[in-house]
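Structural overview for review
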Amino acid sequence: MTIGFIGIGVMGLSMARHLMQGGHALRVYTRTASKAAPLVQEGALQFGSVGECVRGCQAVITIVGYPGDVEEVYTAPGGILDSADKGALVIDMTTSSALLWQGIAKKARERGLRPLDAPVSGGDVGARNATLTIMVGGDEADFLDAKPLFDLMGRTLSRMGGDGMGQHTKMANQIAIAGALAGVAEAVAYGEGVGLDTQKMLTAISAGSATSWQMTYNGPKKLRGDWAPGFYLTHFAKDLRLALEGSRQSGLHLRMLETVLSEYASLEEAGMGDLGTQALIRHYRGEDAQG
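Another point: the pairing of strand β5 (residues 89–92). Working note: regular strand, side chains alternate between the two faces of the sheet. Alternating positions in β5 separate into two faces, Leu89 and Ile91 on one and Val90 and Asp92 on the other, with burial throughout. Sheet topology places strand β4 (residues 59–62) next to β5; 4 bridges connect them, and they run parallel. From the neighbouring strand, Thr62 faces β5, where its bridge partner is Asp92. Relative to strand β6 (residues 114–117), β5 is paired through 4 bridges, and the arrangement is parallel. Paired with Ile91 across the bridge in β6 is Leu116. Taking the sense of rotation as the criterion, the β-α-β connection linking β5, helix α6 (residues 98–110) and β6 turns out right-handed.

In total, this model carries 4 aromatic pairs according to the counting rule given. Their ring planes at 75° and their centres at 5.4 Å tell us that Phe236 and Tyr264 sit as a pair that is edge-to-face. Of this pair, Phe236 sits in helix α12 (residues 233–249) while Tyr264 is found in helix α13 (residues 255–269), placing the two residues 28 residues apart along the sequence. We note that Phe236, like Tyr264, is buried. Through a chain of ring-to-ring contacts, three or more aromatic side chains come together here, namely Phe231, Phe236 and Tyr264.

As a packed pair, helix α9 (residues 165–194) and α13 sit with axes 10 Å apart at the nearest point and diverge in direction by 65°. Classified by the interaxial angle, the pair formed by α9 and α13 is roughly perpendicular. Seen along the crossing, α9 lies across α13 with a hand that is left-handed. Between α9, through Ile175, Ala178, Gly179, Leu181 and Ala182, and α13, the contact on the second element is made entirely by Met256, Leu257, Val260 and Tyr264. Considered class by class, the residues forming the contact of α9 with α13 number 8 nonpolar, 1 polar and no charged.

Two elements in contact, α12 and α13, have axes whose closest approach is 9 Å; the angle formed by their N-to-C orientations is 145°. Two packed elements cross with a definite hand, and for α12 against α13 that hand is left-handed. Along its contact with α12, which presents Leu233, Thr234, Phe236, Ala237, Leu240, Arg241, Ala243, Leu244, Ser247 and Arg248, the element α13 presents Leu257, Glu258, Val260, Leu261, Tyr264, Ala265, Leu267 and Glu268. Partitioning the contact of α12 with α13 into residue classes produces 12 nonpolar, 2 polar and 4 charged.

The next subject is the nonpolar core. With 31 residues, the main nonpolar core has Phe5, Met15, Leu26, Ile91, Met93, Ile134 and Phe150 as its most contacted residues. When residues of this core are traced back to their parent elements, those giving at least two are β1 (2–6), α1 (12–21), β2 (25–29), β4, β5, β8 (132–137) and α8 (140–153). Residue contributions to this core peak at 5 residues, all from α8. In contact with Met93, not counting residues within four places along its chain, are Met15, Ile61, Thr62, Ile63, Ala118, Pro119, Val120, Ile134, Phe150 and Met153. Listed in part, the 29 residues of the second largest apolar core include Val184, Met215, Leu261 and Met272.

One number sums up the size of the largest pocket: a volume of about 770 Å³. If you go around the largest pocket, you meet 34 residues; those closest to its centre are Gly9, Ile63, Val64, Gly65 and His235. In terms of residue count, helix α4 (residues 67–75) provides more of the lining of the largest pocket than any other element does, 3 residues in total. In the lining of the largest pocket, the residues fall into 16 nonpolar, 12 polar and 6 charged. Of the pockets and cavities examined, the second largest pocket occupies roughly 590 Å³. Every residue lining the second largest pocket is counted, 29 residues in all, and those nearest its centre are Ser121, Gly122, Gly123, Trp213 and Gln214. Of all the elements in the fold, those that place two or more residues in the lining of the second largest pocket are β7 (120–121), α7 (123–129), β8, β9 (154–161), α9 and α11 (213–224). For the lining of the second largest pocket, the per-class residue count stands at 10 nonpolar, 15 polar and 4 charged.

Conventions used here
- Every chain is numbered independently, its residues counted from 1 as its sequence is written.
- Reporting in this predicted model follows two pLDDT cut-offs: at least 70 for local features of residues, and 80 or more for side-chain atom pairs to be given and counted; totals over whole chains, interfaces and linings ignore these cut-offs and use all residues.
- Computation of side-chain values: all heavy atoms of the structure, hydrogens and water removed.
- With a 1.4 Å probe rolled over the protein chains alone, any residue whose accessible area is under 20% of its type maximum counts as buried; one over 50% counts as exposed, and the rest are partly exposed.
- Secondary structure follows DSSP: runs of H or I at least 4 residues long count as helices, runs of E at least 2 residues long count as strands, and numbering of each begins at the N terminus.
- For two strands to be treated as a pair, DSSP must find at least two bridges joining them.
- Clockwise travel from the first strand over the helix to the second, with the strands pointing away from the viewer, marks a crossover as right-handed.
- Here is the rule: rings of Phe, Tyr and Trp (six-membered ring for Trp) pair when centre to centre is within 6.5 Å. Planes less than 30 degrees apart are stacked, more than 60 are edge-to-face, and the remainder are tilted.
- An axis is simply a line fitted to the C-alpha atoms; with a helix, the fit covers only the stretch in contact. Between two such axes, the angle follows the N-to-C directions and lies from 0 to 180 degrees.
- Any angle that falls under 35 degrees is termed roughly parallel, while one over 145 is termed roughly antiparallel, one within 65 to 115 roughly perpendicular, and all others oblique.
- Each crossing gets its handedness from the near helix: less than a right angle anticlockwise from the far helix is left-handed, clockwise is right-handed.
- Every residue pair with non-hydrogen atoms within 4.5 Å of one another is taken to be in contact.
- Polar here means any residue outside two lists: the nonpolar Ala, Val, Leu, Ile, Met, Phe, Trp, Tyr, Cys and Pro, and the charged Asp, Glu, Lys and Arg; Gly therefore counts as polar.
- Each nonpolar core is a collection of buried residues, namely Ala, Val, Leu, Ile, Met, Phe, Trp, Tyr and Cys, held together in the definition by side-chain atoms within 4.5 Å.
- The method works on a 1 Å grid over the protein atoms by themselves. A cavity is a set of points holding a 1.4 Å probe that cannot get out, a pocket is an open set with protein on both sides within 12 Å along at least five of seven lines, and residues with an atom within 4 Å of a point line them.
- Grid points are joined across faces, edges and corners, and a volume is the space filled by probe spheres set on the points.

If you want it as structure tokens, here you go:
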């Protein structure tokens, strides 16, 4: 299959590589051309515009930064909706707005395209190891046709319902992660405050019912001051804002979500948006503008 891949970032690079290793022909477009260099060296074709990239493809996959970027690559003149071949799968794997995608999906079908929203969870580690969790919304027949592609990039794959339901599932995922991140940060802050050996403390409580992925992988990073992003703080804050928007549209008041979002917003304002999500501990240490 010939695949157009739009967005070569921390996760997109590995995801695209897995598709190539699975035997697919890859065409790529990314705004920062140098990011695609490793894939070009491995045989991908690089193009200077979205439209050039997606013409002639049986599937188009996008994983870009923000909902505005999704809207641009799909709906701008010469974008995916204008340029993709009829019958092509168009799959957005960005964490974005369910409402936005529902509008894009409607337009895509009117133009003979097959849209799926398929946000992922697992960060850079999951992308590198092809162990991502992929949450999909869209028609079942299109999902089944896309499944061989998803299987090359992830380990846990679920169709959640119609258009936008993948995005709604990802919001639930991000809300759960926010609670786990805050819980580990508060545990570390408590340990530091009362004078515990925090590494020994994490080792001890990780063996019991408090254990979580966030504790195992991000807890030690917090202790050693490793802020390298497996997932950018500013992108996670964006996700939480989308989750808050969705919750309010549904008449929900999710206090934990609101609290953790305010903490990340404070870190963003202090210029820490390019750090990893584990930098939340810096709020509890009073290192942000509002700490």
